Amino acid sequence: MLGDGYHDVPAGKLAMVVTHLEMHSPAPVRDVPLPDGIALRQVTPTLDWYRDIFQRVGSQEWLWFGRLKMSDAELIAILNDPDVAFYTLSKDGQDEALLELDFRQKGECELAYFGLTPALIGAGAGRYLMNHAIATAWSKPIKRFHVHTCTIDSPQALAFYIRSGFTPYKRQIEVADDPRLTGMLGRDAGPNVPIIP
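The shown structure was predicted, so the numbers you read here are calculated from the model rather than taken from an experiment.

J.: Teacher, can you tell me more about the packing of helix 1 (residues 47–62) against helix 2 (residues 72–79) here?
T.: Packed helix pairs are characterised by how far apart their axes lie and by the angle those axes make with each other. Their axes nearest at 10 Å, the elements helix 1 and helix 2 cross at an angle of 90 degrees. Looking at the two axes, helix 1 sits roughly perpendicular to helix 2. Residues Leu47, Tyr50 and Arg51 of helix 1 pack against Asp72, Leu75, Ile76 and Leu79 of helix 2. Counted by class, the contact of helix 1 with helix 2 contains 5 nonpolar, no polar and 2 charged residues.

J.: How do you make sense of the environment of Val29 when you look at a structure like this?
T.: Here Val29 lies in the loop between strand 1 (13–23) and strand 2 (38–43). Judged by relative accessible area, which is 39%, Val29 ranks as partly exposed. When the C-alpha atoms of Val29 and Trp64 are compared, they prove to be 27 Å apart, with 35 residues separating the residues in sequence. Setting aside chain neighbours within four positions, we find Val29 in contact with Asn131 and Ile134.

J.: What is the right way to look at helix 1 in this model?
T.: Residues three or four positions apart in an α-helix share a direction because the helix packs 3.6 residues into each turn. Maximal helix bending in helix 1 amounts to about 50 degrees, located at Gln55. For helix 1, the set of buried residues is Leu47, Trp49, Tyr50, Ile53, Phe54, Val57, Gly58, Ser59 and Trp62. At the C-terminal side of helix 1, Leu63 shows a positive phi close to 60 degrees.

J.: Just checking my understanding: could you explain the packing of aromatic side chains for this structure?
T.: Any aromatic ring pair is given by two values, namely how distant the centres are and how the planes are angled relative to each other. In the structure shown here, the tally under the stated rule is 10 aromatic pairs. When the ring of Phe54 is compared with that of Tyr113, the centres are 5.0 Å apart and the planes differ by 75 degrees; the resulting orientation is edge-to-face. In this pair, Phe54 is assigned in helix 1 and Tyr113 in strand 6 (residues 108–116), connecting sequence segments 59 residues apart. Residue class for Phe54 comes out buried when judged on its relative accessible area of 0%. On the numbers, 5.2 Å between centres and 50 degrees between planes, the contact of Trp64 with Tyr113 is tilted. Of this pair, Trp64 sits in the loop between helix 1 and helix 2 while Tyr113 sits in strand 6, and the two are 49 residues apart along the sequence. Residues Trp64 and Tyr113 agree in their burial class; the two are buried. Among the aromatic residues, ring-to-ring pairing joins Tyr50, Phe54, Trp64, Phe86 and Tyr113 into one connected group.

J.: Sorry if this is basic, but what is going on with a nonpolar patch on the surface here?
T.: On the surface, a nonpolar cluster with roughly 330 Å² of combined accessible area is contributed by Val9, Val17, Ile173 and Val175. Examined against the element boundaries, Val175 turns out to sit in strand 8 (residues 167–177). Given the relative accessible area of 46%, Val175 is considered partly exposed.

J.: Sorry if this is basic, but what is going on with the pairing of strand 6 here?
T.: Regular strands have side chains that alternate between both faces of the sheet. A large share of strand 6 lies buried, amounting to 7 of its 9 residues. Note: strand 5 (residues 97–102) against strand 6, 6 bridges, orientation antiparallel. Opposite Leu99, over in strand 6, you have Phe114 as the bridge partner. With antiparallel pairing between neighbouring strands as the criterion, strand 5 and strand 6 make up a hairpin whose turn holds 5 residues, including Gly107 at a positive phi of roughly 80 degrees. Where strand 6 meets strand 7 (residues 144–150), 3 bridges bridge the pair, whose relative direction is parallel. Following the sheet pairing, Glu110 is matched in strand 7 by His146. Assessed by its sense of winding, the connection that carries the chain from strand 6 through helix 3 (residues 125–138) to strand 7 is right-handed.

Rules used in this analysis
Residues numbered from 1 in each chain as written. Predicted model: local features only at pLDDT ≥ 70, side-chain atom pairs only at ≥ 80, totals over all residues. Heavy atoms only, no water. Axes fitted to C-alpha atoms, helices over the stretch in contact; angles between N-to-C directions. Helix = DSSP H or I, 4+ residues; strand = E, 2+ residues; numbered from the N terminus. Parallel < 35°, antiparallel > 145°, perpendicular 65-115°, else oblique. Contact = heavy atoms within 4.5 Å. Nonpolar A, V, L, I, M, F, W, Y, C, P; charged D, E, K, R; others polar. Buried < 20%, exposed > 50% of the residue type's maximum accessible area, 1.4 Å probe, protein only. Bend = angle between axes of the 7 residues up to and from the residue. Phe/Tyr/Trp six-rings, centres within 6.5 Å; stacked < 30°, edge-to-face > 60°. Patch = residues over 30% accessible without salt bridge, like charges linked within 9 Å, V, L, I, M, F, W, Y side chains within 5 Å. Areas by Shrake-Rupley, 256 points an atom, 1.4 Å probe, with all protein chains shown as cover. Salt bridge = Lys/Arg side-chain N within 4 Å of Asp/Glu carboxyl O. Pairing = 2+ DSSP bridges. Right-handed = clockwise from strand over helix to strand, strands pointing away.

And the structure:
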């Protein structure tokens, strides 16, 4: 029997607790060097580049699917928008990170996407990339820098954002179609989240 605090999740759906975080002035950063053999660069992304890095950073491990639902035209509009900036970290000639900063809302910056592939996790590259994100966001005339994460993202993400100077201010529940059941992602994606058809 379900208690008063439990709610069924419909078959084929994912339920996530989403935490929204923000900062209203530049957070102090702990300087870290860029790890040896890794290079930061700004990217003018193509559809193929973006979809590849999006899936390798987030979709396979953490079921990122928001950008995968978009048509080519919708995604191209974001990729070509001068108020959205994209950065990556490269290792051995291969791009292994995604930093997407969205300045389309006047006076604000959204940390839209941030993540590393398994090739960089644990190398100190995440802290370097976050320092770059904070510096880049606050180099513009903004009053608010914000991000959100959820319970199917990396279990380290929320604590990392808080350590980086973001403050949680709101939680929400998101219910969405499981992208592994719609065919958007393979059934082996998101190994830490069980499929319930």
